[in-house]
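# Analysis of the macromolecular model
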Amino acid sequence: MSGSADRLPRLLALVPYLMSHPGAQVGEVAEVFGLSEKQLIDDLQLVWMCGLPGHTPGDLIDVSWDGGEIVIDNADTIARPLRLGIDEASALLVALRMLAATPELAEVQGDALPRVVAKLERAAGEGAAAVSSQVAVDVDAAPDALPRVRQALTARRRLSLRYYVPGRDEVTPREVDPMRIVVVDGRSYLECWCYRAEAMRLFRLDRMLGVEVLDVPADPPAEAEPIDVAQGVFRPSPTDELVELEVTAAGRWVAEYYPCEQVTELGEGRLRVTLRARDEDWVLRLALRLGDTGRVVAPPAMAGRVREEAERALGLYAHQA
Amino acid sequence: MSRRKTERLLNLVICLLATRRPLSAEQIRQAVPGYDRDGDEAFQRMFERDKNELREIGIPIDVVRDPWEDEPGYRIERQSYELPEITLEPDEAAVLGVAAQVWQRASLAEAASGALLKLRAGGVATDETAGGGVAGGGALEVRVDTRDPAFPALWEAVRDRRPVRFDYRGAGSENVHTRTVEPWGVVSRRGRWYLAGFDRGRGAPRAFRLSRITGQVAAAGRPGSVEVPKGVDLRAMVDFPDEPARERTALVRVRQGACEGLRQLARTVRPGADGWDEAELTFSDPERLAGWMASLGSDVEVAGPPDAREAVIRRLKGALA
């Protein structure tokens, strides 16, 4: 809310904020509104020029910030904030409805959710309630692993996992120190320190084939920092090798499924996609799965490996089953 | 927006809120600084623009037409302007704090934080500690990504009940077709967003994956002209079952020591001869099975049924080409 087009809505929230927080500090208010102290004082100077028709000193809003403490007076007309707009209320209501369906939250916080939804709907008016029933985020059913993962989080214990990685068709045993649960796009992940990777990892709860709470306290190392999931859950490392594929219309799912560095339309629904691959085996599996709906363009050695492996596999089918 | 204009608009809001009786344009011109210096026509244009800008940020301006007066009167009804009194219990504030952080992309994230700011300005205690303590011993973060470029336009279309037109590529299709749709809602399912609505071209309800919309979403009718049928189940409209009902069994030869994941998911695995084991897998769509089996390369051979075996051979030949 720092652009000049947003200034009026901001002022209409700033005045009520100052009325409901008498004696608030300049620094603290600037932070709440996402402004620099200089910008905030500029806002206060503008407010100070406004007021009731007549605009005699007695009509104007009185505001001072001596010693960094903001005191406002004579602003009763706009002492309450503007009611929530449809987008504002809907953004919260859709999110709350999704949270109510999220097993990670519903079980612990169940009855607070309908109470907040009811209060917000009252504060917002009809439009928002309608929109928020037309936008929905579906949430996966509670994964089997959830109770034990939560137990480990609550008791701060280490977990032993058997984790399935479909891209490599591997099940790997892992010991992890759980940090928190992250639900992204309706799917649950455990954010944890993984002793096998010696790094922070996100593991999907529905891909945990076995979960055991160990009799060992969780003790993640100091470098265990939360993962910034706002950047996406799947984040290939910039050092991973770049692979270029060409896919037909039937292979376009690749561009929807994996984060791509570059996607170029080639006509007739065909695409050229560039993505970063964790390892060569992953690329090999992807290329074999695609069959004639995609092929590796670069690196050329990779394309050769795909052909060799396809040939070897076809050798198994040379005889009658 | 210039400082002068912000000042004028703020004074206009205060003036229209403070007045008990509706004010004519001329009275407003006298009362609000910034209008007085301009000619009649310039004033009319300016006043029209100002009213529109206030309405755009959600300020309700009443136009009162008194049969005894030539000119309409204007005022802002305090009750429809002000955020109603609202108080939150600590547990309610905590879930609202989680809800406000759900949206990752600008449009809804800004709407959610704008709503929270208004609530705080109204003296509501909010909790923005990122879900600390909400999950009962362990923090929780819930995120939803609306990465599809078509999302903001469709959100607005749903909100404004307005038909839309866009180019769409069906699953695996080489061609793009223009669709005109009466939007009923948008739904996120398993990390993908869908539009559900009435497809005018097909004369039937349809669901569209947002990632398959190409280019711009354009308005194709007036706001308010879409009627959402009562009781329509949006989730059911986008619920494409993963597996059709009929389940079959495939017999697969698996190289010893390989394909851990397959073994975990197999119904049975029994040791066979010459370094190969035999596994039984449940499947319904031979193409899906073939994709998985082909990806495992020369570590598996699908012995039967014949259609599944043929599908794998086709994939492998395709990867060879």
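Please read these numbers as outputs of a predicted model, since none were measured by experiment.

Helix and strand counts for chain A come out as 11 helices and 12 strands. Here the C-alpha radius of gyration of chain A, 28 Å, is well above what a compact globule of 321 residues would show, namely 20 Å. The 321 residues of chain A split such that 39% are buried. Put simply, of all contacts in chain A between residues at least 6 apart along the chain, 57% involve residues at least 24 apart.

When helices and strands are tallied, chain B shows 11 helices and 13 strands. The C-alpha radius of gyration of chain B comes to 30 Å, more than 25% above the 20 Å expected for a compact globule of 321 residues. Judged by the C-alpha coordinates and their principal axes, chain B covers about 100 × 50 × 40 Å. By the burial criterion, 37% of the 321 residues in chain B qualify as buried.

The next point concerns the environment of Val254 of chain A. Residue and element names in this part refer to chain A. Relative to the helices and strands, Val254 resides in helix α9 (residues 253-257). Residues Val254 and Leu286, spaced 32 residues apart in sequence, show a C-alpha to C-alpha distance of 9.0 Å. Once residues lying within four places of it in the same chain are set aside, the contact partners of Val254 are Leu245, Val247, Val273 and Gly294.

On to helix α1 (residues 3-18) of chain B. With 16 residues, α1 of chain B extends 22 Å between its outermost C-alpha atoms, agreeing within 8% with the 22 Å of an ideal straight helix rising 1.5 Å per residue. Restricting attention to buried positions, one finds in α1 of chain B the residues Thr6, Leu9, Leu10, Asn11, Leu12, Val13, Ile14, Cys15 and Leu16 of chain B. For α1 of chain B, the secondary structure elements touched by its buried residues are α1 (7-20) and α3 (37-48) of chain A together with α2 (25-31), α3 (40-56) and β3 (73-75) of chain B.

A word on the nonpolar core. Counting residues in hydrophobic clusters, the biggest one holds 134 residues, and the most contacted among them are Leu92 and Ala95 of chain A. With 10 residues, the single largest contributor to this core is helix α4 (residues 86-101) of chain A. Discounting chain neighbours no more than four positions away, the residues touching Ala95 of chain A are Ala99, Val102, Trp103 and Ala112 of chain B. Residues Leu271, Leu275 and Val283 of chain A together with Ala250 of chain B belong to the second largest nonpolar core, which totals 37 residues.

Time to look at the environment of Tyr168 of chain B. Residues and elements named next belong to chain B. With respect to the secondary-structure elements, Tyr168 resides in strand β5 (residues 164-169). Taking C-alpha positions, Tyr168 is 5.9 Å from Thr214, a pair spaced 46 residues apart along the chain. Contacts of Tyr168, omitting those with residues within four sequence positions, involve Val176, His177, Arg179, Phe208, Arg212 and Ile213.

Now for the domain arrangement of chain A. Split into domains, chain A comes out as domain 1 (4-78), domain 2 (86-134), domain 3 (146-231) and domain 4 (241-316). On a C-alpha basis, the centres of domain 3 of chain A and domain 4 of chain A stand 30 Å from each other.

Before going further, it helps to examine the sheet that holds strand β1 (residues 23-24) of chain B. All names here are of chain B. The strand order across the open sheet formed by three strands is β1-β3-β2, and the pairing between neighbours is antiparallel. With one partner strand each, in any of the chains shown, β1 and β2 (62-64) form the two edges of the open sheet. With three bridges joining them, β2 and β3 adopt antiparallel strand pairing. Counterpart to Val63 in the pairing with β3 is Tyr74.

The next point concerns the interface of chain B and chain A. Contact residues are listed per partner, giving 100 residues for chain B and 96 residues for chain A. Take the side of chain B that touches chain A: its biggest share by element is 11 residues, from α1 of chain B. Classifying every residue of the side of chain B that touches chain A by side-chain character gives 54 nonpolar, 24 polar and 22 charged.

As a further point, take the sheet that holds strand β13 (residues 300-304) of chain B. Residue and element names in this part refer to chain B. Spatial strand order, β11-β12-β10-β13: four strands in an open sheet with antiparallel pairing. For this open sheet the edge positions go to β11 (268-271) and β13, each flanked by a neighbour on one side alone. Neighbouring strand axes in the sheet, compared pairwise and without regard to direction, differ in orientation by 25° on average. Strand direction decides the pairing type here: strand β10 (residues 248-255) and strand β12 (residues 276-283), joined by eight bridges, are antiparallel.

Of the residues in chain B, 93% have a pLDDT of 70 or more, and the chain-wide mean is 88. This stretch, residues 132-138 of chain B, has a pLDDT under 50; its non-local contacts, to residues over four places away or in other chains, come to 21 contacts.

What follows concerns the pairing of strand β9 (residues 241-247) of chain A. The pairing of β9 of chain A with strand β11 (residues 270-277) of chain A spans seven bridges and is antiparallel. In the sheet register, Val247 of chain A faces β11 of chain A, and the bridge partner there is Leu271 of chain A.

Rules of the game
Throughout, residues of each chain are indexed from 1 in the direction in which the sequence is written. Both sets of labels track the order of writing: A upward for chains, 1 upward for ligands. For this predicted model, a pLDDT threshold of at least 70 governs which residues receive local features, and a threshold of 80 or more governs which side-chain atom pairs are given and counted, while totals over whole chains, interfaces and linings are taken from all residues. Every helix listed is a DSSP run of H or I at least four residues long, and every strand listed is a run of E at least two residues long, numbered separately from the N terminus. Radius of gyration here uses only the C-alpha atoms, and the compact-globule reference equals 2.2 Å multiplied by the residue count raised to the power 0.38. Exposure is read from a count of other C-beta atoms within 10 Å of each residue's own; the residue is exposed at 12 or fewer, buried at 20 or more and partly exposed in between. C-beta atoms are placed from the backbone. Throughout, a residue-residue contact means that the two C-beta atoms, derived from backbone geometry, are no farther apart than 7 Å. Helices are assigned an expected span. That span is 1.5 Å times one less than the residue count. Think of a nonpolar core as buried Ala, Val, Leu, Ile, Met, Phe, Trp, Tyr and Cys residues, each tied to the set through C-beta atoms within 7 Å. Throughout, the edges of the domains are those of an automatic or database domain assignment. Two strands qualify as a pair provided that DSSP identifies no fewer than 2 bridges between them. The nonpolar class holds Ala, Val, Leu, Ile, Met, Phe, Trp, Tyr, Cys and Pro. Asp, Glu, Lys and Arg form the charged class, and all remaining residues, Gly among them, are polar. Every axis in this analysis is a line fitted to C-alpha atoms, fitted for helices over the stretch in contact. Angles between the N-to-C directions lie between 0 and 180 degrees. Per-residue confidence from the predictor is reported as pLDDT, a score between 0 and 100.

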